[in-house]
Every structure is written in structure tokens, then in C-alpha cells.
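The chain contents come next:
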Amino acid sequence: MKFDVLTLFPEMFEPIKQSIIGRAMEKSLIDINLINIRDFSKDKHKKVDDTIYGGGAGMLIKPDVVYDAYKSVKTENSKVIYLTPQGKKLNQSKVEELAKEEHLILLCGHYEGIDERVLEKIVDEEISIGDYVLTGGEIPAMVLIDAVSRYVEGVLTKDSTEEESFSNGLLEYPQYTKPKEFEGMKVPEVLQSGHHENIDKWRRKEAIKTTYIKRPELLEKVNLTDEEKKYLEELKNNKD
Ligand SMILES: C[S@@+](CC[C@H](N)C(=O)[O-])C[C@H]1O[C@@H](n2cnc3c(N)ncnc32)[C@H](O)[C@@H]1O
């Protein structure tokens, strides 16, 4: 999977090159290529932004520099994503869908954003990371790269993503590591039993419970067995 990031601040991407993503880069499972939009300025002062027609605060990134940066990396299979608070909110199913792409070009705005004409010309999809406004698209691009890379084959083992929050519509069950007892709190017996069927049952129930407590609206889209529906009813009755 190749990410080409069009940005005015490539140095902001240093933190993403650590840990799991860094190792995935070393193994060439993913490739993160940073393109400085400023390099495409024809201005002798390397200017890339200008005042906004019609007035208003701040500066806007000019269309020609973005277009030239885009042309320098675009291929037949590339998909261009503009990170913007106006886009569709990123969620797990979108992350998994994007992980199937070969080549993503991520366009990061800054200042007041980017001239609308170049957005109309090159952008395939607009994605937001939440209903708030950040100073630039760099952190959103890193969020997207991190989340998508986890689903690129070989970056993580399949087990690591299969039962995680959102992957089956539920939040993940609680997990424990050593020591067996911490501040008087013990690891549930069943998890130490080695009985895989019982462990799976316990985890599924706990996932339903966790989801019910933290994000009950997610349960509307989950297929529960009759037994699980009964369990959910019990949880609801206990709450009331
Ligand atoms: C200050 S914002 C511009 C906001 C724009 N004037 C508006 O009101 O929609 C500068 C840049 O940050 C990025 N950005 C800000 N908030 C974002 C969010 N929630 N999700 C994705 N990108 C965001 C976009 O690339 C945007 O062009």
C-alpha cells in the first residue's frame, strides 16, 4: 500500500514512523511518501497561499501548486482523499475499505484550506476525523494512515484485528495481563482455566456488556443470538 501525502509540513510526519508503522515501512508493507507542496511553487519566495476573494480572515492554499504536486504522484490506480472537517467521518468500515486500495494520495489543507477549484478537479473523497476544526490536515492524515495500515496484510496478525472494537460491531471485551492480582482485583477465573470454549463465551458476553454500557447505539446493528438477546434484556433490567 502506498500513501503519497501532499502537505506543506512534511516534518510533522516524523512521529508516525515509529513502532508498528515504522516496522511496516521497513518491511516495505507500506510506503509513506511525503510531498512538499511548496516545492511546486513557481514564486521566487516559494509562496503557496494568498488572500481570499470576497474577503475574510486568513489565507488559502493556491490551486496550481496543489495541482502540480498531485500530478507529480498520481497514477492510474490512485485515489485522492482530501482531509477536511467537511468530509464524511472516518469509521472502521471506511478504514477497512481503504486498506484494499493500492495507492492513496492524501491531501492536507492548512490555514483556511484550499482553493475549491483544485478540490473539484482532483479529489475523489473527502474525509473528516471528527466534528471539530484542526489547524491542518497533517494529524488527520496520520490518523488515517495509522488506522488503514493496521489492515494492510502482514502489518498485524489477523488475530490482532479480528476481535477488536468495531470489527464485529461490538466493542472489545476487557483484557488482563500479569500479575494475577492487582490492588486486590483478581483476573477472572475463566480466563485462567485454559477452556477455550468457555473463554470465548465469556468474552462475547463481556463484549456485549461493554458495548451496552459504553456505546449502546452500536448494538442496534449487531446480530445477536436468542440467548444473547436475553442476556441484553437482563442487563437492561438490572440497570433500571
Ligand atoms: C483550519 S482548517 C480549514 C477549515 C475550513 N475553513 C472550514 O471551515 O471547513 C485547515 C485544514 O485542516 C484540515 N482539517 C481541519 N479539521 C479537520 C478535521 N476535523 N478532519 C480532517 N481534516 C481537518 C483540513 O485539511 C483543512 O483544510
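Residues numbered from 1 in each chain as written. Predicted model: local features only at pLDDT ≥ 70, side-chain atom pairs only at ≥ 80, totals over all residues.

(A) Summary view of the overall build of the protein. If you tally the helices and strands in the protein, you get eight helices and nine strands. Taken over C-alpha atoms, the radius of gyration comes to 23 Å for the protein, far larger than the 18 Å a tight globule of 240 residues would show. In terms of principal-axis extent, the alpha carbons of the protein reach across some 70 × 40 × 40 Å. Of all 240 residues assigned to the protein, the portion counted as buried reaches 24%. (Helix = DSSP H or I, 4+ residues; strand = E, 2+ residues; numbered from the N terminus. Rg over C-alpha atoms; globule rule 2.2 N^0.38 Å. Buried ≥ 20, exposed ≤ 12 C-beta atoms within 10 Å, placed from the backbone.)

(B) How the structure looks around unusual backbone geometry. Looking along the chain, the bond that leaves K178 and enters P179 is cis, with omega of 10°. Relative to the elements of secondary structure, P179 occurs in the loop between α6 (158-162) and β8 (181-182). One non-glycine residue with positive phi stands out, namely K46, at about 60°. Among the structural elements, K46 can be located in the loop between β2 (31-36) and β3 (49-51). With a phi angle near 50°, E183 is a residue other than glycine that sits in the positive phi range. Among the secondary structure elements, E183 is positioned in the loop between β8 and β9 (185-186). Given 4 C-beta atoms within 10 Å, E183 falls into the exposed group.

(C) Fine view of the pairing of strand β6 (residues 103-108). Judged by how many residues are buried, β6 sits mostly within the fold: five of six residues are covered. Of the crossover connections in this fold, the one passing from strand β5 (residues 78-89) over helix α3 (residues 92-98) to the parallel β6 is right-handed. (Right-handed = clockwise from strand over helix to strand, strands pointing away.)

(D) Representation of the domain arrangement of the protein within the structure. Here the protein is partitioned into domain 1 (2-157) and domain 2 (181-239). Each of domain 1 and domain 2 was reduced to a C-alpha centroid, and the two centroids are 39 Å apart. (Domains from an automatic or database assignment.)

(E) How the structure looks around the environment of F9. As for its placement among the helices and strands, F9 is situated in the loop between β1 (2-7) and α1 (19-26). Considered as a pair, F9 and A147 are 138 residues apart in the sequence and their alpha carbons are 21 Å apart. In this view, F9 contacts G136 and E138; residues no more than four positions away in its chain are not counted. (Contact = placed C-beta atoms within 7 Å.)

(F) Representation of the site of the ligand. Around the ligand there are 20 residues in total, and P85, G109, G113, G137 and P140 lie nearest to it. For the shell around the ligand, the leading source of residues is β5, giving four residues. In terms of residue class, the shell around the ligand is built from nine nonpolar, 10 polar and one charged. (Near = placed C-beta within 6 Å. Nonpolar A, V, L, I, M, F, W, Y, C, P; charged D, E, K, R; others polar.)

(G) Local environment of the packing of helix α7 (residues 196-214) against helix α8 (residues 226-239). Two elements in contact, α7 and α8, have axes separated by 11 Å at closest approach and are oriented at 40°. Taken together, the axes of α7 and α8 lie oblique to each other. Every pair of crossing elements has a handedness; the one defined by α7 and α8 is right-handed. Packed against α7, whose contacting residues are K205, I208, K209 and Y212, the element α8 presents E228, Y231, L232 and L235 at the interface. The class makeup of the residues in the contact of α7 with α8 is five nonpolar, no polar and three charged. (Axes fitted to C-alpha atoms, helices over the stretch in contact; angles between N-to-C directions. Parallel < 35°, antiparallel > 145°, perpendicular 65-115°, else oblique. Left-handed = near helix turned anticlockwise from the far one by under 90°.)

(H) Quick peek at the nonpolar core. Among the nonpolar cores identified, the biggest contains 40 residues, and L6, V66, L106 and L107 are the most heavily contacted of them. Listing elements by their share of this core, those giving two or more residues are β1, α1, β4 (59-61), α2 (63-73), β5, β6, α4 (116-122) and α5 (138-149). Once you skip the residues sitting within four places of it in the chain, V66 turns out to touch L6, I37, I61, L107, I114 and V118. In terms of nonpolar packing, the next biggest core, distinct from the first, is built from five residues, L171, Y173, A207 and I208 among them. (Core = buried A, V, L, I, M, F, W, Y, C linked by C-beta atoms within 7 Å.)

(I) Representation of the sheet that holds β5 in the model. Read across the open sheet, the five strands follow the order β2-β1-β6-β5-β7; overall the sheet is parallel. Strands with a single pairing partner mark the edges of an open sheet, and in this sheet they are β2 and β7 (125-128). The average undirected angle you get between the axes of adjacent strands in this sheet is 30°. Where β1 lies against β6, five bridges are found, and the strand directions are parallel. Looking across to β6, one finds that K2 is bridged to H103. Contacts from α2 reach β1, β2, β5 and β6, with the element oriented near 160° to β1. Across the face of the sheet, α5 comes into contact with β1, β2, β5, β6 and β7 while running at roughly 160° to β6. (Pairing = 2+ DSSP bridges.)

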